[in-house]
Amino acid sequence: MTVIDKINSINDVVKEIFEFTQTNEKVKADFDEYLATIGARNISLNQMEKIFLPYIFERRIDNKSILEMFKEENGSQPIIESFINAQASIFEIKKILKNGFELYNLINEKTYTVLSLTKMTNFRGIYAGQYITARIFKLDGEYYIIEISSVLSHSQKEEAYRYAVMKLVHSPRMLYFDNSEKEEEIKNTISEMYQKFIKTFDKDTILTTNKHADDIIGAFNEGEEVDLSDKGCDITEFKFFHVKELDNNYSNFLENSMGGFSSHNEVYDVAVIFDEKNGLYAIPFYKTFCTIFEDKTKVENAKNCVEYFLTNDSIPNLILDRVSAQYSNFMDTINEIMGTNYTYKELINKYKSDYLNNRIYSSATVLFCSKAFSEIFDYISEPQPQKPVITEKVGRNDPCPCGSGKKFKNCCGG
């Protein structure tokens, strides 16, 4: 099959999926609601394509993607499997080719040659050196680009790398997805750091508070000796509460993370855990969670704490595995608090299915191995030049008093 034949087949499948969204009763109702929600009922075909592609790749109904629902109704085929395994990332454009692009994936650190499904004239205004958020997929050994959702200029490098790191925080697996060499590097790093952790602390779990967690992790990373005698979990009354600094807010989460746990106003317990296979975790309220299975009446907001551990995507199933192995009443207590009747397997399948279906290393370990994180962390760690306070009256077209050589209107006056 020629490349042209493949492209035609791919476009035909996209049309079939669109027809599916119009004929499947459940999907059509959801798609209509989706269009209404974003105010896109009366739009052109070009606009519909930009909305339709993110919808079929990202929307979920009853915990199934639109593509998985299409597969159930129409059977499996190579193109659908390729779509299901597509990757959405941010790329630096290295070259514009006659029939596609050479792209460097900022997240998984791999360079791709991708073919376009449309004429290259549709990409006027896109140049080498820019950054694009795009979706690519692999079919029969070749990569295709199916969607470009935004374009950033060369001068927006910081923004591009911030986006890459934010994606990694939400989905650590993206660092090594489709990059076996990177995964091997992560495995080796985890093995070396685990041995170092055990040698340093003689155990794989340290119970402390947010006031000491940074010192423990920092000293470990720097290879320094750590005295844990004054850094234990000295909390006597356990309660769960929302810590706003733990929210992954795109605009400031990197700066917040630099402040560390100790910068948070409230005091709460933190477990520093090094898992031999998956890496380093710092789990807030771990001791509080464990105390629920000792005596739930001793924990204020016990139900909210249980819900936090079940629904927080950054807490893997292995953390629940540890607690359930420690407390024989784990499921009885969970079911009593939540008003459910799950087995442990059912509980994990419902709340931690991503971890069951994929190998997901800890965010801390992934970021430690990420060039994108190192790049942006170095940037925000450096003191940024401050604009001077201008006290005298300066004309808009006069040279800027800061000495940049620019006109005032194009510099500090902007």
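What you see is a predicted model; the values in this text were computed from it and never measured.

Undergrad: I'd like a description of the overall build of the protein chain, backed by residues and values.
TA: Broken down by element type, the protein chain carries 17 helices and 12 strands. Among the 414 residues that make up the protein chain, the fraction classed as buried is 44%. Partitioning the intrachain contacts of the protein chain with sequence separation of at least 6 by distance along the chain shows that 62% fall at a separation of at least 24. Summed over all atoms, the accessible surface of the protein chain reaches about 22500 Å², with 46% contributed by carbon and sulfur.

Undergrad: Kindly report on the pattern of salt bridges, identifying the contributing residues and their values.
TA: Close approach of charged atoms lets side chains of opposite charge pair. Taken as a whole, this structure holds 21 salt bridges when the rule is applied. Residue lysine 94 pairs with glutamate 92 through a salt bridge whose shortest N-O separation is 3.6 Å. Residue glutamate 92 is classed as buried on the basis of its relative accessible area, which comes to 14%. One salt bridge connects lysine 231 with aspartate 230, and the closest N-O pair in it is separated by 3.4 Å. Relative accessible area serves as the criterion here: at 16%, lysine 231 is assigned to the buried category. Taken together, the salt bridges that share partners define one network made up of Lys6, Asp140 and Glu142.

Undergrad: I'd like a description of unusual backbone geometry, backed by residues and values.
TA: Of note in this structure, glutamate 109 is not a glycine but carries a positive phi near 60°. As for its placement among the helices and strands, glutamate 109 is situated in the loop between β4 (100–105) and β5 (110–116). What makes glutamate 109 buried here is its relative accessible area of 15%.

Undergrad: Requested: an account of the sheet that holds strand β6 (residues 131–139), with residues and values cited.
TA: In spatial order, the strands read β3-β4-β5-β7-β6; together these 5 strands close into a barrel with mixed pairing. Between one strand and the next, the sheet's axes are offset by a mean angle of 55°, whatever the strand orientation. The pairing of strand β3 (residues 87–96) with β4 spans 5 bridges and is classified as antiparallel. Bridging across to β4, isoleucine 93 finds its partner in leucine 103.

Undergrad: Go over the environment of glycine 279, please, and point to the residues and values.
TA: Mapped onto the fold, glycine 279 is located in strand β11 (residues 279–284). Along the sequence, glycine 279 and threonine 365 sit 86 residues apart, while their C-alpha atoms lie 5.7 Å from each other. Leave out the neighbours within four places in its chain, and glycine 279 touches Ile190, Ile273, Phe274, Ser362 and Thr365.

Undergrad: Talk me through the packing of aromatic side chains; I want residue IDs and the actual numbers.
TA: Under the defined criterion, the tally for this structure stands at 31 aromatic pairs. An aromatic cluster is built from Phe240, Phe241, Tyr268, Phe285, Phe289, Phe293, Tyr308, Phe309, Tyr327, Phe330 and Tyr344, whose rings are joined through pairwise contacts. In this structure, lysine 196 is placed above the aromatic ring of phenylalanine 220, and the distance from its NZ or CZ to the ring centre is 4.8 Å.

Undergrad: Could you give an account of the environment of isoleucine 315, with specific residues and numbers?
TA: Note on placement: isoleucine 315 falls in the loop between α11 (302–311) and α12 (317–326). The exposure class assigned to isoleucine 315 is buried, which follows from its relative accessible area of 2%. A sequence separation of 31 residues divides isoleucine 315 from proline 284, and the C-alpha atoms of the two residues are 9.7 Å apart. Setting aside its immediate chain neighbours within four residues, isoleucine 315 contacts Tyr308, Phe309, Lys352 and Tyr355.

Undergrad: Outline helix α6 (residues 157–170), listing residues and values.
TA: Under the 1.5 Å per step criterion, the end-to-end length of α6 is 20 Å for 14 residues, consistent within 8% with the ideal 20 Å. Taken together, the buried positions of α6 are occupied by Ala160, Tyr161, Arg162, Ala164, Val165, Met166, Leu168 and Val169.

Undergrad: Explain the packing of helix α13 (residues 330–338) against helix α14 (residues 344–351) to me, using residue names and the numbers behind them.
TA: Helix packing for two helices is described by the angle between their axes and how far apart those axes are. Contact geometry of α13 with α14 gives a least axis separation of 10 Å together with a crossing angle of 60°. The angle between α13 and α14 places the two elements in the oblique class. Residues Phe330, Met331, Ile334 and Met338 of α13 lie in contact with α14, whose contacting residues are Tyr344, Leu347 and Tyr351. Among the residues making up the contact of α13 with α14, the classes are represented as 7 nonpolar, no polar and no charged.

Undergrad: Give a detailed account of the state of the cysteines, specifying residues and quantitative values.
TA: A full pass over the atoms with the stated rule returns 0 disulfides. Here cysteine 290 is not disulfide-linked; the sulfur of cysteine 305 is the nearest cysteine sulfur, at 9.2 Å. A relative accessible area of 3% places cysteine 290 in the buried class.

Undergrad: Got a sec to walk through helix α10 (residues 286–295)? Specific residues and values, please.
TA: In terms of residue burial, α10 counts as a mostly covered element, since 7 of its 10 residues are buried. Where α10 is concerned, the buried positions are Tyr286, Thr288, Phe289, Cys290, Thr291, Ile292 and Phe293.

Undergrad: Explain the pairing of β6 to me, and be specific about the residues and the numbers.
TA: Of all 9 residues that make up β6, 8 are buried, and the element is covered over most of its length. Here β3 runs beside β6; their pairing, made up of 6 bridges, is antiparallel. Bridge pairing in β6 links isoleucine 90 to threonine 133. Across 9 bridges, β6 lies against strand β7 (residues 142–152) in antiparallel orientation. Of the residues in β7, the one forming a bridge with phenylalanine 137 is tyrosine 144. In this structure, the hairpin formed by β6 and β7 is closed by a connection of 2 residues, where aspartate 140 is found at a positive phi of approximately 50°.

Rules and cut-offs
Residues numbered from 1 in each chain as written. Predicted model: local features only at pLDDT ≥ 70, side-chain atom pairs only at ≥ 80, totals over all residues. Heavy atoms only, no water. Helix = DSSP H or I, 4+ residues; strand = E, 2+ residues; numbered from the N terminus. Buried < 20%, exposed > 50% of the residue type's maximum accessible area, 1.4 Å probe, protein only. Contact = heavy atoms within 4.5 Å. Areas by Shrake-Rupley, 256 points an atom, 1.4 Å probe, with all protein chains shown as cover. Salt bridge = Lys/Arg side-chain N within 4 Å of Asp/Glu carboxyl O. Pairing = 2+ DSSP bridges. Axes fitted to C-alpha atoms, helices over the stretch in contact; angles between N-to-C directions. Phe/Tyr/Trp six-rings, centres within 6.5 Å; stacked < 30°, edge-to-face > 60°. Lys NZ or Arg CZ within 6 Å of the ring centre and 35° of its normal. Expected span 1.5 Å × (residues − 1). Parallel < 35°, antiparallel > 145°, perpendicular 65-115°, else oblique. Nonpolar A, V, L, I, M, F, W, Y, C, P; charged D, E, K, R; others polar. Disulfide = S-S within 2.5 Å.

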